[in-house]
Each structure stands twice: as C-alpha cells, then as structure tokens.
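The primary structure of each chain is shown beneath.
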Amino acid sequence: MKNIAILGATGSIGKQALEVVRSNPERFNVQVLTAQNNATLLLEQALEFKPGLVVIGNESLYGQLRADLSGTGIQVLCGEEALSEAAAWPGTDIVLTALVGAAGLKPTIAAIQAGKDIALANKETLVVAGEIVTALASKHGVNILPVDSEHSAIFQCLSGETGNEIEKIILTASGGPFRGRSRDFLATVTRDEALRHPNWVMGAKITIDSASLMNKGLEVIEASWLFGLTAGQIEVIVHPQSIVHSLVQFSDGSIKAQMGLPDMKLPIQYALTYPERIKTDFPRFNFFDYPELSFSKPDMDTFRNLKLAYQALQTGGNKPCVLNAANEVVVAAFLEKRIGFLEMSDVVERCMDDLPFVQQPSLSNYLETDEHTRIFAADLVTKQQKVHLI
Ligand code: NAD
Ligand code: MG
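Just so we're clear, the structure is a prediction, and the values are computed from it rather than from any experiment.

**Regarding helix H2 (residues 39-49)**
Every α-helical turn comprises 3.6 residues, leaving residues that sit three or four positions apart pointing alike.
Reasoning step 1: Within the sequence span of H2, burial applies to Ala39, Leu41, Leu42, Leu43, Gln45, Ala46 and Phe49.
Reasoning step 2: Buried-residue contacts for H2 involve helix H1 (12-23), strand E2 (28-35), strand E3 (53-56) and helix H3 (62-68).
Reasoning step 3: At the C-terminal side of H2, Lys50 shows a positive phi close to 45 degrees.

**A closer look at empty space enclosed by the protein**
Reasoning step 1: Under the defined criterion, the tally for this structure stands at two cavities of 30 Å³ or more.
Reasoning step 2: One number sums up the size of the largest cavity: a volume of about 70 Å³.
Reasoning step 3: In terms of lining, the largest cavity is formed by Ser149, Ser152, Ala153, Gln156, Trp200, His245, Gln258, Leu261, Pro262, Asp263, Leu266 and Pro267.
Reasoning step 4: Elements supplying a minimum of two residues to the lining of the largest cavity: helix H7 (149-157) and helix H12 (265-273).
Reasoning step 5: The leading source of residues in the lining of the largest cavity is H7, at four residues.
Reasoning step 6: Each residue belonging to the lining of the largest cavity can be placed in one class, and the counts come to six nonpolar, five polar and one charged.
Reasoning step 7: Of the pockets and cavities examined, the second largest cavity occupies roughly 60 Å³.
Reasoning step 8: In this structure, the second largest cavity is lined by Leu186, Ser212, Thr302, Phe303, Arg304, Asn305, Phe341, Leu342, Met344 and Ser345.
Reasoning step 9: The set of elements that each furnish at least two residues to the lining of the second largest cavity consists of helix H13 (304-315) and helix H15 (341-354).
Reasoning step 10: Of all the elements, H15 adds the most residues to the lining of the second largest cavity, at four residues.
Reasoning step 11: Shared between two domains, the lining of the second largest cavity takes at least three residues from each, and those domains are domain 2 (149-261 + 285-311) and domain 3 (316-390).

**Concerning the domain arrangement of the chain**
Reasoning step 1: Domain parsing of the chain yields domain 1 (2-146), domain 2 (149-261 + 285-311) and domain 3 (316-390).
Reasoning step 2: The straight-line distance from the C-alpha centre of domain 2 to that of domain 3 is 23 Å.
Reasoning step 3: Of the roughly 1800 Å² buried between domain 2 and domain 3, counting both surfaces, carbon and sulfur atoms make up 71%.
Reasoning step 4: Area buried by domain 2 at its contact with domain 3 is led by Arg191, Arg304 and Leu308, which between them contribute 30% of it.
Reasoning step 5: For the interface between domain 2 and domain 3, the tally reads two salt bridges.
Reasoning step 6: A salt bridge links Arg304 to Glu349; its shortest N-O distance comes to 2.2 Å.
Reasoning step 7: Looking at the side of domain 2 that touches domain 3, the elements that each hand over two or more residues are helix H8 (183-186), helix H9 (191-194), helix H10 (204-212), helix H11 (214-227) and H13.
Reasoning step 8: Sorting elements by how many residues they give to the side of domain 2 that touches domain 3 places H10 first, with six residues.
Reasoning step 9: A per-class count over the side of domain 2 that touches domain 3 returns 14 nonpolar, four polar and five charged.

Thresholds, definitions, all that
- Residues numbered from 1 in each chain as written.
- Chains lettered and ligands numbered in written order.
- Predicted model: local features only at pLDDT ≥ 70, side-chain atom pairs only at ≥ 80, totals over all residues.
- Heavy atoms only, no water.
- Buried < 20%, exposed > 50% of the residue type's maximum accessible area, 1.4 Å probe, protein only.
- Helix = DSSP H or I, 4+ residues; strand = E, 2+ residues; numbered from the N terminus.
- Contact = heavy atoms within 4.5 Å.
- 1 Å grid on protein atoms, 1.4 Å probe; cavity = no way out; pocket = protein on both sides within 12 Å on 5 of 7 lines; lining within 4 Å.
- Points joined across faces, edges and corners; volume = space filled by probe spheres on them.
- Nonpolar A, V, L, I, M, F, W, Y, C, P; charged D, E, K, R; others polar.
- Domains from an automatic or database assignment.
- Buried area = accessible area lost by both parts, 1.4 Å probe.
- Salt bridge = Lys/Arg side-chain N within 4 Å of Asp/Glu carboxyl O.

As structure tokens, then:
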C-alpha cells in the first residue's frame, strides 16, 4: 500500500491521478489532497478518498470547507504555508506535484526535506531551481519520478541502462494547434483557438504553453535536470500524432523510443508504481489506425519561445527562472485577453534581457528573481495594452 499526497488534486493531472487510485484501491491510499480555488470538487474528493488532511489555498474558502468536513476526522488547513506542511505530512510515501507554476517550488522542497519521493508533474519547479532541487533530492536520497509524458518516456527507455552513456535524447512535440502556421497568422489567433489542443486535454496554462511551444522549452530545461544533460544533448522534433512519447539515443547509436496512445494516466501510474508496472484496461495502440507517423523540425523562428528556453538553459543561473516567471505572467494576461499571442514571447525576451543576471543563485535569489520578474513583466504587459489602446 502506497500513501500518497496530491498537491493540485482538482486539476487535470490531479483528477487523472485519482482515477488511477480509484482503479487500484488495494495499492494506493490518499493521505493528503490540496487545491487552490475549487473547494466544491476538493470537498467531493475528500468525502470519497477520506485523506487525513486537505488544504485549500484560497483562505476565503477555508471556513465553509472546514464546516462541510466537520465530524469526518479530516483535518483542514489553508494558505500557502499549509501547502508545504501538506507536502511534508507524516505517513505519506510519495508526493504528486500536480499544481501549476512556480508555486510548486517551496512545497516540493519541503517534501524532499521530509524524505518523500516526488512524482513530478510540476515541471516549473525544475525550470526555476533545478540545480537546488536535484541536489537536495540526492542529499536526502529521494527519487524524482517524472510524470510529464516525454520525461516518463525517457525514464522508461533508461530502465536497465545504468552506466550506459546517453548521446542525446529526443523530445517529441505535437506542435500544438498552430503547427505550420506563419507569424502573420499567429498575430491574430484568439484565446479560444489557442486553448484547442489537438491531442491532449490539459489545464489552461500548459495548453497555452503547448500552443506557443513554451511547454517544449520548459520540458527541455526539465529534461536537462532530470537526466543530467546539456542543451546540446536535447533535441526537439515535431511529431503531430503524439504516439512516440520521446526517445533516447545511446553512444552506440541505438535509439530506444517509448510509445502508446496519448493518455496521461499511464505516466502518472508509472511514477506511482515505479519500478513495477501494473495492469490497466486503457485503450491499446493499434499500428493499423496510424499507418503513418511523421516527424519534422520545429520552427523556432516562428515559435520563438523554444529558442528563448534553449538560450536560458545555455546561459544558466537565474535565466530559466526569469523565463518561467515572465511566461506565467504573459500566459495569464493572454488568457485574460490583455495581450496578443506573439507579444507573449516579446515580453519574455525583454525580461530575459533586462532582469539582473545571477550566475549561482541561492534559493532566496531564485525567489527574488521570480518576484522581480513578475513585477517587471506585468508592467510590460500594461504598456503593451496602452500601445493597443492608442
Ligand atoms: P490545472 O490548471 O488543471 O490544475 C492545477 C492544480 O493546481 C489545481 O488543482 C489548482 O487548484 C492547483 N493550483 C493552481 N494554482 C495554485 C497555486 N498557486 N498554489 C497551489 N495550488 C495551485 O493544471 P494541470 O494541467 O493539471 O497541470 C499541473 C502541472 O502538471 C503543471 O505544472 C503542468 O505543466 C504539468 N503537466 C500537466 C500535464 C497535463 O496533461 N495536464 C501534462 C504534463 C505536465
Ligand atoms: Mg509533456
């Protein structure tokens, strides 16, 4: 029996993780559930899975949730700090970080310090402070098990390859809803068009990141920390069918791929049961339904975010943290229809150019960089809006 904490239980990954738990009640026991705003679903989940603790981020929802759960024996906490308490909660073996954005950093660190394995969906944590997080994980002897489908694929390909040198890895990208489109086209796309991903149903932020290829950029940085690779060892190829989830090329030239229908429940389950595989009734892939799988080069001149992410990784220090914070601000602004699609990369680039560079940041340097970048980026967004009004 594995005792699990799910941070971000009401989101796309959180809900699918609970489906995995629901199908395997003899294996998993949910001890902790957290959410930011969706108290209604969190309550439903708490009544079904009976964890020891639930945390609601939004403090204004605390009173009602506590009243709704009174008499159940479930402890209820609220606020940002409670999230770190939830991550370090005694009696859990593994923490699934399914919350979105840099908000995942502090609770992930708290979980590692408490000796929990991490099932990592929250890629932003490794983008912001990969060096600190991975060093801490090895110090405390905990595993960081990837949930992101590409990284799970690489992780699965590396199974049984201890000691064998990786030449490079190849991350596949679906290309999103605007694959093959020009900058002129992208200048006019709407929020709703960007939210229509061809292959995956996900939270809003990662869906916009997929349309802008920032998601793949964040994944390049995530992969460099998870697998100890340089930017030059990480290639991205566009594969619109999302069947080959990623590949590893070894020093003898051999390439291993992991394949399957796009379904996040598989990588979520693998992270939770690792090193075991357990039987599922998920639909199986059939080659005859896909007579052609295609692969092409990403267009980094049109989708500039991918190039910016490579640059951030190559420069190192706090650059990826700046990239991530600026991106969180512009994606929120795009979702609120306050800036256009292409302006997102403009703001990210300006932040990368203008925010002070720190070569070897401490945790507090990262937190400061995150905060300053958000202020600077928000200001740029407001200025862009004014230009439009004129
Ligand atoms: P989502 O928006 O659907 O859900 C986010 C969850 O986090 C919700 O439960 C929400 O309540 C909580 N949350 C949001 N902001 C928070 C904050 N500031 N503090 C605490 N909790 C907060 O997101 P998602 O699509 O499930 O993605 C979650 C993470 O997993 C992201 O980092 C994403 O990049 C990664 N990921 C998602 C998918 C996918 O298929 N959805 C695939 C790979 C990786
Ligand atoms: Mg992914």
